[in-house]
Amino acid sequence: MNRKSILDLQNSKEKLVAVTAYDTTMAALVDAYSDIVLVGDSLGMVVQGKENTLEVTIEDVAYHTRCVHRGLKQAHLVSDMPFLSYQVSEKKAVENAGKLLQAGAQSVKLEGGEEVTDIIFKLTQFGIPVMGHLGMTPQSVHKWGGFKVQGRSPERRDELLRTAKQVEEAGAYALVLESVPADLALEITGAAKIPTIGIGAGIDCDGQILVCYDLLGMIRDFKPKFVKQYASLSKMVESAMQAYAKDVKAGNFPEKEHTYD
Ligand code: KIV
């Protein structure tokens, strides 16, 4: 396998490009341009149509990991540990992380600070590299009272600075910072020895990650502040479907070139 390792990511002199993918076709399209492809538990929202990520199971993530694994040649594949797949016991966490590695992931990502440092340590000891995730951690959406920017109050800011260090010391090889003020992300990045990867965390992180459907503009009427849409695929899909439907109804498709003799 010629995929980027965690050491390649840590030694990179360039900003890290990260994006989510959930299937083989998308994985193959994004592979050449990405350092990291994440099978995010965001799949609960963008693939399964749920309100949040809380119902995603380890089997769901393992299935999508197998799909993405088949589409990647060079990008590092990291998969999310979904809600309740790592919090209950260290034994369960190792078992579940192992399922994701067996499905093709090279590392796993899990959310949280001090409360998950023992789990990060244990997984790392068993040879399972862990990416941390702090800030607006979607699995704690009810605790945050919605998808809200984190780290604006002095107390929460101090907590995030402290827990970023703890996650690093527990053995995480990289850290996602989600929806935090840019100056806080800068401070965490300056203090961290591991790469930070931002989403809604400003320009100073060591890399950036976006959900593929967001950056491609695939979800109608959804554009949070931190998303830049590099295409408007929802509009393209709609106009292609409109043209196809018109052709079928008018008897203009298939034409001779699409027909077997
Ligand atoms: O689930 C996900 O897609 C994520 C990224 C947005 C960081 O965790």
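Data block above holds the structure.
Let us look at the structure shown here. (Residues numbered from 1 in each chain as written. Predicted model: local features only at pLDDT ≥ 70, side-chain atom pairs only at ≥ 80, totals over all residues. Heavy atoms only, no water.)

Glancing now at the packing of helix α6 (residues 117-125) against helix α8 (residues 154-170). Two numbers describe how α6 lies on α8: the axes approach to 8 Å, and their chain directions differ by 25°. One element, α6, and the other, α8, form an angle in the roughly parallel class. In terms of crossing hand, the pair formed by α6 and α8 is right-handed. Side by side, α6 and α8 meet where T117, I120, F121 and T124 of the first sit next to Q166, V167 and A170 of the second. Looking at the contact of α6 with α8 residue by residue, the classes come out as four nonpolar, three polar and no charged. (Axes fitted to C-alpha atoms, helices over the stretch in contact; angles between N-to-C directions. Helix = DSSP H or I, 4+ residues; strand = E, 2+ residues; numbered from the N terminus. Parallel < 35°, antiparallel > 145°, perpendicular 65-115°, else oblique. Left-handed = near helix turned anticlockwise from the far one by under 90°. Contact = heavy atoms within 4.5 Å. Nonpolar A, V, L, I, M, F, W, Y, C, P; charged D, E, K, R; others polar.)

Before going further, it helps to examine the nonpolar core. Among the nonpolar cores identified, the biggest contains 55 residues, and L110, L123 and L177 are the most heavily contacted of them. Not counting residues within four places of it along the chain, the set of residues in contact with L110 comprises M81, Y86, V116, I119, I120, L123, V130, M131, G132 and H133. If you look at the next biggest cluster of nonpolar residues, it comprises 13 residues, including M131, V176, I197 and I209. (Core = buried A, V, L, I, M, F, W, Y, C linked by side-chain atoms within 4.5 Å. Buried < 20%, exposed > 50% of the residue type's maximum accessible area, 1.4 Å probe, protein only.)

What follows concerns the layout of surface pockets. Which parts of space are left empty comes out when a probe the size of a water molecule is rolled across the atoms. What the second largest pocket holds in volume is close to 270 Å³. Elements supplying a minimum of two residues to the lining of the second largest pocket: β5 (130-135), α7 (141-144) and α8. Tallying contributions element by element places α8 first for the lining of the second largest pocket, with five residues. (1 Å grid on protein atoms, 1.4 Å probe; cavity = no way out; pocket = protein on both sides within 12 Å on 5 of 7 lines; lining within 4 Å. Points joined across faces, edges and corners; volume = space filled by probe spheres on them.)

For the rest of this paragraph, the subject is the packing of aromatic side chains. Enumeration according to the criterion identifies two aromatic pairs in this entry. Centroid distance Y22 to Y213: 5.7 Å. Interplanar angle 70°. Geometry classified as edge-to-face. Residue Y22 is located in the loop between β1 (16-20) and α2 (24-30), and its partner Y213 is located in helix α10 (residues 212-215); the two are separated by 191 residues in the primary sequence. Relative to F253, the ring of Y244 lies with its centre 6.0 Å away and its plane at 75°, an arrangement referred to as edge-to-face. Residue class for Y244 comes out partly exposed when judged on its relative accessible area of 43%. (Phe/Tyr/Trp six-rings, centres within 6.5 Å; stacked < 30°, edge-to-face > 60°.)

The buried fraction of β5 is high, at six of six residues. A two-sided burial pattern is seen for β5, the buried positions comprising V130, G132 and L134 on one face and M131, H133 and G135 on the other. Looking at chain direction, strand β4 (residues 107-109) and β5 are connected through two bridges and run parallel. Directly across from V108, in β5, lies its bridge partner V130. In this fold, β4 hands off to α6, which returns the chain to β5; that crossover is right-handed. The pairing of β5 with strand β6 (residues 174-178) spans five bridges and is classified as parallel. Across the sheet, the residue bridging to L134 is L177, located in β6. (Pairing = 2+ DSSP bridges. Right-handed = clockwise from strand over helix to strand, strands pointing away.)

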